[in-house]
Amino acid sequence: MHINLEIYSPIHQIKNKLFDEKGIEVFIKRDDLIHPIISGNKWRKLKYLLKRAQAENKHHLVTFGGAYSNHLLATAAAAAKFGFNATGFVRGEEVANDTLFLCRLHGMDLIFTDRESYRDKPALFDKYFGDDADAIFIDEGGASAEGAKGCSELVDELTETYDHVFCACGTGTTAAGIINGIQRNQLPTQFHAIPVLKNGDFIRDEIDKFLTAPADYHLHTSYHFGGYGKTDERLINFIKQFVAETGILIEPVYTGKMLYALFDMAASDYFKPGDRVLAIHSGGIWGLLGMKDKFNR
Ligand SMILES: *Cc1c(COP(=O)(O)O)cnc(C)c1O
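Calculation rules
- Residues numbered from 1 in each chain as written.
- Predicted model: local features only at pLDDT ≥ 70, side-chain atom pairs only at ≥ 80, totals over all residues.
- Heavy atoms only, no water.
- Pairing = 2+ DSSP bridges.
- Helix = DSSP H or I, 4+ residues; strand = E, 2+ residues; numbered from the N terminus.
- Contact = heavy atoms within 4.5 Å.
- Axes fitted to C-alpha atoms, helices over the stretch in contact; angles between N-to-C directions.
- Core = buried A, V, L, I, M, F, W, Y, C linked by side-chain atoms within 4.5 Å.
- Buried < 20%, exposed > 50% of the residue type's maximum accessible area, 1.4 Å probe, protein only.
- Near = heavy atom within 4 Å.
- Polar contact = N/O pair within 3.5 Å; in protein donor to acceptor, adjacent residues only side chain to side chain.
- Areas by Shrake-Rupley, 256 points an atom, 1.4 Å probe, with all protein chains shown as cover.
- Domains from an automatic or database assignment.
- Salt bridge = Lys/Arg side-chain N within 4 Å of Asp/Glu carboxyl O.

**Details of the sheet that holds strand β7 (residues 164-169)**
- Pairing within the open sheet is mixed, and its 6 strands lie in the order β1-β2-β10-β7-β8-β9. For this open sheet the edge positions go to β1 (11-14) and β9 (218-219), each flanked by a neighbour on one side alone.
- Examined bridge by bridge, strand β2 (residues 25-30) and strand β10 (residues 276-281) share 6 bridges and lie parallel to one another. Bridging across to β10, Ile28 finds its partner in Ala279.
- The strands touched by helix α11 (residues 255-267) are β2, β7, β8 (190-195) and β10; relative to β10, the strand with the most contacts, the crossing angle is about 165 degrees.

Shown next, in the form of structure tokens:
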């Protein structure tokens, strides 16, 4: 099957009193609308990996993730859509949750793996699929040069210029791709990465790995809210208010933290009057399902 998806990722303006007061315009690129399951940056990261699989005549996607991984779910749905088989190695003991339910529903085989063996992913792949010429290794989160290439295309789609672009950051592949796209298009845009993990300074090395040329960008490491998947009342309240005021779903693991950072920086006059700021909605809203209890308090 031809590996293609007509991409629908419009840009919407976010209007509110804060941005009016500060004289800035804030927009959001709706990569969450690309596909209901293969959403946001996960589609962009998979695109060229799937094309390589097809070129190498491999029909079995083998990948890795935690029990709530957006990447596992996106891979399961992409495999189903484009005619691949899929296996996901899931970190930790066997559990059942909404993400894994949706992975299985799309036909993905799940192999639960203790944390020790999970650390060496190539070894796991070799152990189970070393002799299987049909299987292709896809790293956790889709981290890869192909992934960065797919993400760089986001920048090619922009028809207007922005002073700042904001994106949530896990492995750093998406950030690297967007920075590469900004450089390739010779834009004056400053890029801001919001790491969602604690001690996010390490992300700089991860981003730099996939840069096609050295680049300056900003890393804002103080918006992790305690670490990956961690939240607090401030973040949950921010998300509730944002969703209620805009009708745009966001979640606490990635997009909530990124937008919290953008609003917080706007409030503390980080931007100049007249600045145009673009937030990337990188998708992942199914992550909300694993965090329902956080919203019920
Ligand atoms: C996976 C994910 C990210 C992180 O992307 P990286 O390329 O790993 O940095 C950001 N936002 C959402 C919604 C995601 O699912």
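Read on for the rest.
**Focus on the nonpolar core**
- Phe19, Phe166, Phe238, Phe242, Leu259, Leu262 and Phe271 are the most contacted members of the largest nonpolar core, which has 31 residues in total.
- Those elements giving two or more residues to this core turn out to be β2, β7, α10 (233-246), α11 and β10.
- With 8 residues, α11 is the largest single contributor of residues to this core.
- Those residues in contact with Phe238 that sit more than four places away from it in its chain are Ile250, Gly256, Leu259, Tyr260 and Phe263.
- Ranked by size, the runner-up nonpolar core spans 30 residues in total, among them Leu61, Ala67, Phe82 and Ala86.

**Description of the site of the ligand**
- Around the ligand, 15 residues are found, and the nearest of them are Lys42, Gly170, Thr171, Thr174 and Ser282.
- Within the contact set of the ligand, an oxygen atom lies 2.9 Å away from a side-chain nitrogen or oxygen of Asn41.
- Lys42 is positioned such that a nitrogen or oxygen atom in its side chain is 2.7 Å from an oxygen atom of the ligand.
- Against a free-state accessible area of 390 Å², the protein chains account for coverage of 98% of the ligand.

**Side note on the domain arrangement of the chain**
- Structurally, the chain comprises domain 1 (11-37 + 144-295) and domain 2 (41-142).
- Taking only C-alpha atoms into account, the centre of domain 1 sits 25 Å from that of domain 2.
- The interface is formed by 25 residues belonging to domain 1 together with 19 residues belonging to domain 2.
- There are 5 salt bridges connecting domain 1 and domain 2.
- One salt bridge in this structure joins Glu146 and Arg52, with 2.5 Å as the shortest N-O distance.

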